[in-house]
Amino acid sequence: TDLDTFIARLPKAELHLHIEGSLEPELMFELARRNQVEIPYASVEEVRAAYAFTRLQDFLDIYYAGANVLRTRRDFHDMAMAYFDRAARDGVVHAELMFDPQTHTDRGIPFAEVIEGLLSAMEEARTKHGMTSCLILSFLRHLSEEAAFETLAAAEPWLDRIAAVGLDSSEVGHPPIKFAQVFAAAREKGLKLTAHAGEEGPPEYVYQALDLIDVDRIDHGNRALEDPVLTRRLADSGMTLTVCPLSNLKLCVIDDIVQHPIDAMLKAGLKATLNSDDPAYFGGYIADNYRAVAEARGLGREDLVTLARNSFTGSFLPEEDIARHL
Ligand code: ES4
Ligand code: ZN
């Protein structure tokens, strides 16, 4: 079989996906019309042309603006369903969706509208595609820890339907230690913990995620490679890294896809996985990420199988469900 067919047929889990980052320009226009919201673009082409970033913050400014068209639970449902339909075609059988409640509650959208829309799409994905999924509530790190505590409190009625908490948005200047208390509270409530670390931030932020938060996963983790001691520690502990190659390219974490360190990560014994991050903004879904690094770094099919396998062993699924996928 050719590479695209092999990748599409390889069962995989997606572990690093911001659902708001799956909002395609076409749906953005449809929701703007449906909700009578003004958007600063005249056409889908103009939106896509605006997706030229040189760093994380350039992207985040546009991503938060795009989320402004999301108003009702139906909007969140439709956005998530579009993602599930697309991911199913890429061979995703389990998806862990990060969502940013503060992006919506700070605009006056009730937490219930956001999560109920996502949950109903998750239910539909299960019946329509046989796809399992779970939710990762992400705190915006450019906001205060107090605001994160308020978000955790707002989530209380749905805690049994939330697998984990995460930490995203502007990394530099907002180290994990800023959120140590709220992560401890989330763990007390039985949630798993993950945090973006080492995307733009230094290895020190990865150490903080490990030592001060005791995370179950690291999102990105690229800059850990600058520190051999840290790299060895991540490998020896079997820590899962949710790596996002096309995101790294679009946000200039790397200058060219041929420089992507995925093969170095595997060679170092790191439990890396491949993910799409914000597929509507970064030019590709999960299979595009597999293909991009397979071609750019000459990964063999055994490597792709290893990466897909890591996506299940690194997932937040119960042990018996993980075993079913191996
Ligand atoms: C994000 Cl790529 C990335 N990094 C940090 N925060 C984010 N939120 C959405 N995508
Ligand atoms: Zn991310």
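The shown structure was predicted, so the numbers you read here are calculated from the model rather than taken from an experiment. (Residues numbered from 1 in each chain as written. Chains lettered and ligands numbered in written order. Predicted model: local features only at pLDDT ≥ 70, side-chain atom pairs only at ≥ 80, totals over all residues.)

## Details of the site of ligand 1
Reasoning step 1: Residues in close proximity to ligand 1 include His18, Gly21, Leu56, Tyr63, Asp168, Ser169, His196, Glu199, Ser247, Asp277 and Asp278, which together make up its full environment.
Reasoning step 2: Across the shell around ligand 1, the residue classes tally to two nonpolar, five polar and four charged. (Near = placed C-beta within 6 Å. Nonpolar A, V, L, I, M, F, W, Y, C, P; charged D, E, K, R; others polar.)

## A look at the sheet that holds strand β4 (residues 164–168)
Reasoning step 1: Across the sheet, which stays open at both edges, the eight strands sit in the order β1-β2-β3-β4-β5-β6-β7-β8 with parallel pairing between neighbours. Lying at the two open borders of the sheet, with one neighbouring strand each, are β1 (12–18) and β8 (271–274). Pairwise comparison of adjacent strand axes, ignoring direction, gives a mean angle of 25 degrees for this sheet.
Reasoning step 2: Where β4 lies against strand β5 (residues 192–197), two bridges are found, and the strand directions are parallel. Bridge pairing links Ala164 to Lys192 in β5.
Reasoning step 3: Its contacts with the sheet place helix α7 (residues 111–129) against β2 (92–99) and β3 (132–140), and it is angled at close to 155 degrees to β3. (Pairing = 2+ DSSP bridges. Helix = DSSP H or I, 4+ residues; strand = E, 2+ residues; numbered from the N terminus. Axes fitted to C-alpha atoms, helices over the stretch in contact; angles between N-to-C directions. Contact = placed C-beta atoms within 7 Å.)

## Some words on the packing of helix α8 (residues 145–154) against helix α9 (residues 180–188)
Reasoning step 1: Orientation of α8 relative to α9, taken along the N-to-C sense of each, is 20 degrees, at an axis distance of 9 Å. What the angle tells us is that α8 and α9 run roughly parallel. Crossing of α8 over α9 shows right-handed handedness. Contacts between α8 and α9 pair Glu145, Ala148, Phe149 and Leu152 from the former with Gln181, Val182, Ala185 and Ala186 from the latter. (Parallel < 35°, antiparallel > 145°, perpendicular 65-115°, else oblique. Left-handed = near helix turned anticlockwise from the far one by under 90°.)

## Thoughts on the pairing of β1
Reasoning step 1: Within β1, seven of the seven residues are buried, which leaves the element mostly enclosed by the surrounding structure.
Reasoning step 2: Direction of pairing for β1 relative to β2: parallel, over a ladder of five bridges. Each residue of the ladder has a partner; that of Lys12, found in β2, is Val92. (Buried ≥ 20, exposed ≤ 12 C-beta atoms within 10 Å, placed from the backbone.)

## Thoughts on the UniProt feature "active site" (unreviewed entry) in the protein chain
Reasoning step 1: Listed under "active site" (unreviewed entry) in the UniProt record, and renumbered for this structure, are Glu199.
Reasoning step 2: Summarising the element assignment, Glu199 is placed in the loop between β5 and α10 (203–213).
Reasoning step 3: Setting aside its immediate chain neighbours within four residues, Glu199 contacts Leu56, Glu171, His220, Asn222 and Val253. (UniProt positions renumbered as here; feature names shortened; annotations may be inferred.)

## Some words on the UniProt feature "site: Important for catalytic activity" (unreviewed entry) in the protein chain
Reasoning step 1: Per the UniProt record, "site: Important for catalytic activity" (unreviewed entry) is found at His220.
Reasoning step 2: When you line up the elements, His220 lands in strand β6 (residues 217–220).
Reasoning step 3: The exposure class assigned to His220 is buried, which follows from the 26 C-beta atoms found within 10 Å.
Reasoning step 4: Filtering out sequence-adjacent residues up to four positions away, His220 remains in contact with His196, Ala197, Gly198, Glu199, Thr242, Val243 and Cys244.

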